[in-house]
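Read off the chains here:
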Amino acid sequence: MKSINDLGDLKGKRVLIRCDFNVPLDGETITDDGRIKAALPTLKQLTEAGAKVVVMAHLGRPKGEVNPKYSLAPAAKRLGELIDAKVTLAGDVVGESAKGAVAGMAEGDIVMLENVRYEPAEESKVDAEREALAAKYAAFGDVFVSDGFGVVHRKQASVYDVAKLLPNAAGHLVAKEVEVLKKLTETPERPYVVVLGGAKVADKLSVIDNLLKVADTLIIGGGMGYTFQKAKGYEVGTSLLDAEKIDTVTGYMKDAEAAGKGLLIPSDTVVSPSFPSGDGPFEKTTVASDSMPADQMGLDIGPETAKAYADAIMGAKTVFWNGPMGVFEVDDFAAGTKAVAQALADTDAFTVVGGGDSAAAVRQLGFPDDAFGHISTGGGASLEYLEGKTLPGLDVLEGN
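Colleague: Where do I start with the nonpolar core in this structure?
Modeller: The tendency in soluble globular proteins is for nonpolar side chains to be buried as a group. Core analysis: the biggest nonpolar cluster contains 68 residues, and Leu16, Tyr137, Val162, Leu196, Ile208, Phe228 and Phe320 have the highest contact counts within it. Setting aside its immediate chain neighbours within four residues, Tyr137 contacts Leu16, Met56, Val93, Val94, Val116, Glu122, Ala157, Ser158 and Val162. Counting 30 residues, the second largest nonpolar core, distinct from the first, contains Ile4, Cys19, Leu72 and Val145.

Colleague: Sorry, what's going on with the pattern of salt bridges here?
Modeller: Any two side chains of opposite charge can pair, on the condition that their charged atoms come close. For the structure on display, the rule yields 17 salt bridges. Of the charged contacts in the structure, one is a salt bridge between Arg363 and Asp32, with a shortest N-O distance of 3.1 Å. Pair noted here: Arg363 is in helix H12 (residues 356-364) and Asp32 is in the loop between strand E3 (29-30) and helix H1 (34-48), with a separation of 331 residues, a long-range link. On the accessibility criterion, Arg363 (23% relative accessible area) is partly exposed. Residue classification places Asp32 among the buried positions, given a relative accessible area of 15%. Two residues, Arg130 and Asp127, come together in a salt bridge whose shortest N-O distance is 3.0 Å. Taken together, the positions of Arg130 and Asp127, both in helix H4 (residues 127-138) and three residues apart, correspond to about one turn of that helix. Arg130 gets classed as buried once you look at its relative accessible area, which sits at 2%.

Colleague: Help me understand the side chain of His58, please; the structure alone is not making it clear to me.
Modeller: Summarising the element assignment, His58 is placed in the loop between strand E4 (52-56) and helix H2 (73-83). Exposure remark for His58: the relative accessible area of 2% places this residue in the buried category. Among the polar contacts listed, one links the side chain of His58 to the side chain of Arg18, at a separation of 3.2 Å. If sequence neighbours within four positions are ignored, His58 has contacts with Arg18, Asp20, Phe21, Asn22, Leu72, Asn115, Val116, Arg117 and Val151.

Colleague: Whenever I open this one, a positive patch on the surface confuses me. Can you help?
Modeller: Residues Arg61, Lys63, Lys125 and Arg154 make up a contiguous surface patch of positive charge. Tracing the backbone shows Lys125 in the loop between strand E6 (110-112) and H4. With a relative accessible area of 79%, Lys125 lands in the exposed category.

Colleague: Please explain the sheet that holds strand E12 (residues 268-272) as it appears in this structure.
Modeller: Hydrogen bonding along the main chain pairs the strands of a sheet, whether they run parallel or antiparallel. Read from one edge to the other, the open sheet built from three strands follows the order E13-E12-E14, with strand pairing classed as antiparallel. Looking along the sheet, the strands with just one partner apiece sit at the ends: strand E13 (285-288) and strand E14 (297-301). Strand after strand, the sheet turns through a mean of 45 degrees between neighbouring axes, direction not considered. Here four bridges tie E12 to E14, and the two strands are oriented antiparallel to one another. Counterpart to Ser272 in the pairing with E14 is Met297.

Colleague: Would you explain the packing of aromatic side chains in this entry?
Modeller: Following the criterion strictly, the structure yields two aromatic pairs and no others. A ring pair is formed by Phe367 and Phe372, whose centres lie 6.0 Å apart and whose planes are at 55 degrees; its orientation type is tilted. Residue Phe372 is classed as buried on the basis of its relative accessible area, which comes to 6%. Taking NZ or CZ as reference, Lys183 lies 4.0 Å from the ring centre of Phe350, over its face.

Colleague: Sorry if this is basic, but what is going on with helix H13 (residues 379-387) here?
Modeller: What sets the pattern is the α-helix's 3.6 residues per turn: residues three or four places apart point alike. Most of H13 is tucked away: eight of the nine residues are buried. Those residues of H13 lying buried are Gly379, Ala381, Ser382, Leu383, Glu384, Tyr385, Leu386 and Glu387. Where H13 is buried, its residues touch helix H6 (172-186), helix H7 (205-214), strand E15 (318-322), H12 and helix H14 (392-398). Gly388, located one to two residues past H13, shows a positive phi value of around 95 degrees.

Analysis parameters
- Residues numbered from 1 in each chain as written.
- Predicted model: local features only at pLDDT ≥ 70, side-chain atom pairs only at ≥ 80, totals over all residues.
- Heavy atoms only, no water.
- Core = buried A, V, L, I, M, F, W, Y, C linked by side-chain atoms within 4.5 Å.
- Buried < 20%, exposed > 50% of the residue type's maximum accessible area, 1.4 Å probe, protein only.
- Contact = heavy atoms within 4.5 Å.
- Salt bridge = Lys/Arg side-chain N within 4 Å of Asp/Glu carboxyl O.
- Helix = DSSP H or I, 4+ residues; strand = E, 2+ residues; numbered from the N terminus.
- Polar contact = N/O pair within 3.5 Å; in protein donor to acceptor, adjacent residues only side chain to side chain.
- Patch = residues over 30% accessible without salt bridge, like charges linked within 9 Å, V, L, I, M, F, W, Y side chains within 5 Å.
- Areas by Shrake-Rupley, 256 points an atom, 1.4 Å probe, with all protein chains shown as cover.
- Lys, Arg positive; Asp, Glu negative; His and termini not counted.
- Charge placed at Lys NZ, Arg CZ, Asp CG, Glu CD.
- Pairing = 2+ DSSP bridges.
- Axes fitted to C-alpha atoms, helices over the stretch in contact; angles between N-to-C directions.
- Phe/Tyr/Trp six-rings, centres within 6.5 Å; stacked < 30°, edge-to-face > 60°.
- Lys NZ or Arg CZ within 6 Å of the ring centre and 35° of its normal.

In structure tokens:
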């Protein structure tokens with residue numbers, strides 16, 4: 001992949017850039033601006049070079065329809081505050097407002113197009129429809145920079161098709177993400193520990209399969225952990241369970257044992273009669289994982305498990321973590337996730353927090369970004385890379 005420096009003198013040039021500003025909102029208030037901050041090094045380099053910067057991004061899933069709920073207005077406002085420059089938000093994506101805003105740009109200006117997912121063709125499965133929209137995007141730029149790592153696993157008009165129409169390069173964010181993920185898959189310093197959590201085991205099957213070949217120890221927690229516990233023959237009560245994947249999970253445990261790999265599952269669990277709703281505190285009990293009551297629901301790993309997981313992390317040289325250990329959004333069930341985050345912060349190992357809920361968790365729990373080696377901006381993209389899949393948004397850059 002080419003870098004921005006390979007694009008030559010950008011003074012006066014229109015640089016079309018795909019960013020990932022799909023930030024969590026509470027009304028119109030951004031609750032985690034990490035993705036916007038992650039784009040600043042690239043955007044600052046472009047504006048300081050005198051480029052006219054045209055930003056493409058999305059928010060949520062408006063499904064090809066204009067919906068004010070998914071406007072990029074909060075992202076444009078926050079970017080302006082962070083970069084200390086005016087950011088003009090066009091009133092549409094490729095319509096008259098966008099055309100006028102781009103036509104009126106001066107060197108160093110930033111124009112953000114409205115949510116690209118307002119356009120039905122953005123996510124179309126029909127190549128010709130995406131290509132026609134990409135041609136409209138390309139009319140706004142002289143060169144294209146890909147810096148939205150969270151969407152590089154998507155074959156979408158603003159990610160994939162437009163890159164084929166303009167001279168292109170990877171921004172600093174995408175280049176850094178690829179560098180980190182190559183290290184995890186090709187040259188990890190050992191022992192290499194992978195911590196996987198989150199709700200569904202089905203979402204992580206391929207990555208488990210691939211990482212069992214690369215990692216030395218696999219640590220399992222969160223909602224997906226109960227499928228592993230069921231595979232061991234344990235009662236899991238009313239906990240999340242992916243019953244169709246029990247045989248697959250049993251196979252993984254056998255494969256890990258045969259290969260001499262560590263595969264850790266919770267030895268104790270924090271349970272409650274039901275999923276927490278409303279204000280706490282909530283009724284909770286810690287039980288051994290092989291003694292869960294049939295009428296209880298597992299909502300976090302227990303303290304014994306948290307210590308074992310922290311010890312494994314502290315003994316590692318490389319750690320990748322994706323997915324919380326429990327319902328971290330609720331204080332009563334956040335201790336397991338916090339223990340894992342604390343161990344990653346305390347260890348001298350190279351640590352990677354794999355985007356999505358994991359990134360939100362560490363920030364919500366009060367950890368600074370620099371407590372970790374790298375916080376990915378793309379949970380799904382990171383996992384697909386670690387699965388060994390080809391990511392269209394990266395492949396198209398390498399193809400130029």
